[in-house]
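The primary structure of each chain is shown beneath.
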Amino acid sequence: MSEITGIDWTDSTFNPWWGCTKVSPACDNCYAAALDHRTGGDHWNGNLKTLSENNWSKPFTWNRKAAKAGIRHKVFSGSMCDVFDNAADPALRERLFETIRNTPNIDWQLLTKRAPNIKKMLPADWGNGWPNVWLGVTCEDVKHGLHRIEHLRQVPAKVRFLSIEPLLEDLGELNLTGIDWVIVGGESGPGYRPMKPEWAESIRAQCDQQGVAFFFKQGGGLRHGIKTLNGQTYKVFPSLEGAAA
Ligand code: SF4
C-alpha cells in the first residue's frame with residue numbers, strides 16, 4: 001500500500017483490499033498476517049478490509065509520474081492480500097482490473113498462491129494478456145508449488161514469473177517452459193525455516209540453462225539474509241522485448 005517498498009523487485013505495492021487466509025506452508029509465517037495482527041486487525045479469516053479512496057488514487061499518481069518521466073513503474077499487488085482470493089469481493093477485483101486498464105505506464109505484478117483461480121478470474125477481454133500485467137505464482141515446495149506452475153503456464157501473459165520465496169526445500173528438476181522470470185529468497189524473521197544455498201543454486205543453474213531471468217532476493221535468516229548467492233549478485237529482470245502482448 002505504500003509508495004516505497006522494501007521489496008527490491010518492485011517499485012511500489014498496491015492493495016485492493018487487506019486480508020487473506022493461509023493456504024499452504026509458504027503462509028505459515030505470513031508477514032502480512034503478523035502486521036495486521038500487530039496493528040490491531042483481524043483480517044485473516046475471510047473478514048477482509050476495504051481501503052480508502054486515497055489508496056485507490058495512488059496508482060493514478062504513479063502512472064502520471066511515470067508518464068512524465070518517460071519510465072515504467074513496477075507495482076506489486078498485493079502485499080497484504082492475494083488478488084485471486086475466492087473470499088474477496090469480485091467488485092473490488094473488477095475495480096483493480098479497471099485501475100490496471102487505466103494505468104498503462106505501470107507494469108503490474110500480480111502474484112498468487114491460488115493458481116487455479118487465475119484463468120477464471122481474469123477479465124473477459126484478457127485475450128493474449130494485457131501488455132502491462134505480469135502474472136506470477138508462489139512456489140515454495142514441490143507439493144504445493146509445482147502444480148501452480150502448470151496452471152500459470154496455461155494462461156497467456158506478457159510476463160509469467162515464479163516467486164520461489166520462501167524456498168523451503170530442493171525443488172529438483174524444474175520445467176521452466178513459458179516462464180520469463182524467477183525470484184528466489186529464503187525466509188526471514190523469528191521461526192524462519194533455513195534455506196540451503198544449494199537449493200537456490202540449483203534453480204539459478206536451471207534458469208541459466210533454460211534462458212530464464214533470475215533474481216536472487218536474499219538468503220533468509222533471523223534478520224534479512226545475505227543478498228548474494230555463491231558470492232555473486234543476481235538481480236536480473238525479464239526482458240520485455242518480444243514478450244507476447
Ligand atoms: S497467500 Fe500471501 S497474504 Fe495470504 S496468507 Fe499466504 S502469504 Fe499471507
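Residues numbered from 1 in each chain as written. Predicted model: local features only at pLDDT ≥ 70, side-chain atom pairs only at ≥ 80, totals over all residues. Heavy atoms only, no water.

Before going further, it helps to examine the overall build of the protein. Within the protein one finds six helices and seven strands. If you list the helices and strands of the protein from N to C, you get β-α-α-β-α-β-α-β-α-β-β-α-β. Relative to a compact globule of 245 residues, whose C-alpha radius of gyration would be 18 Å, the protein shows 17 Å and is just as compact. Along the longest, intermediate and shortest principal axes, the C-alpha atoms of the protein span 45 × 45 × 35 Å. When each of the 245 residues of the protein is scored for burial, the buried share is 53%. Considering only contacts within the protein whose residues lie at least 6 apart along the sequence, 73% involve residues at least 24 apart. (Helix = DSSP H or I, 4+ residues; strand = E, 2+ residues; numbered from the N terminus. Rg over C-alpha atoms; globule rule 2.2 N^0.38 Å. Buried < 20%, exposed > 50% of the residue type's maximum accessible area, 1.4 Å probe, protein only. Contact = heavy atoms within 4.5 Å.)

This part is about the site of the ligand. The local shell around the ligand consists of Cys20, Thr21, Lys22, Cys27, Cys30, Trp44, Lys113 and Arg114. Here the shell around the ligand is composed, by residue class, of four nonpolar, one polar and three charged. (Near = heavy atom within 4 Å. Nonpolar A, V, L, I, M, F, W, Y, C, P; charged D, E, K, R; others polar.)

Walk down a regular strand and you will see the side chains alternate between the two sheet faces. Extensive coverage of strand S3 (residues 106-112) is indicated by the burial of seven of its seven residues. Burial along S3 is two-sided: the residues Ile106, Trp108, Leu110 and Thr112 and Asp107, Gln109 and Leu111 are all buried. In this sheet, S3 lies alongside strand S2 (residues 73-77) in parallel orientation, the contact comprising five bridges. Within S3, the residue paired with phenylalanine 76 across the bridge is glutamine 109. (Pairing = 2+ DSSP bridges.)

Mapped onto the elements, valine 137 comes out in strand S4 (residues 133-138). By relative accessible area, valine 137 is classed as buried at 0%. The spacing of valine 137 and threonine 112 is 25 residues in sequence and 4.9 Å in space, taken between C-alpha atoms. Sequence-distant contacts of valine 137, that is, excluding residues within four places in its chain, are made with Leu111, Thr112, Ala115, Ile118, Arg148, Ile149, Leu152, Phe161, Leu162 and Ser163.

With the rule as written, the count across this model stands at 13 aromatic pairs. Consider the rings of phenylalanine 14 and tryptophan 108, whose centres lie 5.9 Å apart with planes at 90°: the pair is edge-to-face. Taken together, the residues span a long stretch of sequence, with phenylalanine 14 in the loop between strand S1 (12-13) and helix H1 (31-38) and tryptophan 108 in strand S3 at a distance of 94 residues. In this structure tryptophan 108 comes out as buried when scored by relative accessible area, which is 0%. With 5.8 Å between their ring centres and 35° between their planes, tryptophan 126 and tryptophan 130 make a pair best called tilted. Like tryptophan 126, the residue tryptophan 130 is buried in the burial classification. Aromatic ring contacts, followed pair by pair, group Trp9, Phe76, Trp134, Phe161, Trp181, Phe215 and Phe237 into a single cluster. (Phe/Tyr/Trp six-rings, centres within 6.5 Å; stacked < 30°, edge-to-face > 60°.)

Another aspect to go through is the sheet that holds S2. The pairing of strands in a sheet comes from backbone hydrogen bonds and takes either a parallel or an antiparallel form. Taken together, seven strands build an open sheet; the order of strands is S1-S2-S3-S4-S5-S6-S7 and the sheet is parallel. The two strands at the open ends of the sheet, each matched to only one other strand, are S1 and strand S7 (213-218). Across the sheet, helix H5 (residues 142-153) touches S4 and strand S5 (159-164), and the angle it forms with S4 is around 155°. (Axes fitted to C-alpha atoms, helices over the stretch in contact; angles between N-to-C directions.)

Next up on the list: the layout of surface pockets. Estimated volume of the second largest pocket: approximately 160 Å³. Lining the second largest pocket are Pro90, Arg93, Glu94, Phe97, Glu98, Arg101, Met121, Leu122 and Pro123. With six residues, the top contributor of residues to the lining of the second largest pocket is helix H3 (residues 90-101). (1 Å grid on protein atoms, 1.4 Å probe; cavity = no way out; pocket = protein on both sides within 12 Å on 5 of 7 lines; lining within 4 Å. Points joined across faces, edges and corners; volume = space filled by probe spheres on them.)

This brings us to the pattern of salt bridges. Applying the stated criterion across every chain yields a total of 15 salt bridges. As a salt-bridge pair, aspartate 125 and arginine 101 come within 2.6 Å of each other at their nearest N and O atoms. Of the two residues, aspartate 125 sits in the loop between helix H4 (116-121) and S4 while arginine 101 sits in helix H3, which places them 24 residues apart along the sequence. Taking relative accessible area as the criterion, arginine 101 reaches 38% and is therefore assigned partly exposed. Members of the salt-bridge network, linked through shared partners, are Asp8, Lys227 and Lys235. (Salt bridge = Lys/Arg side-chain N within 4 Å of Asp/Glu carboxyl O.)

An α-helix turns once per 3.6 residues; consequently, residues spaced three or four apart project the same way. If you check helix H2 (residues 53-69), its first and last C-alpha atoms are 25 Å apart, about what 17 residues at 1.5 Å a residue would give, namely 24 Å. What H2 keeps buried is the set Asn55, Trp56, Pro59, Trp62, Asn63 and Ala66. The secondary structure elements touched by the buried residues of H2 are S1, S2, H3 and S3. One or two residues past the end of H2 sits glycine 70, with phi positive at roughly 70°. (Expected span 1.5 Å × (residues − 1).)

Function-wise, these values are silent; they only describe arrangement.
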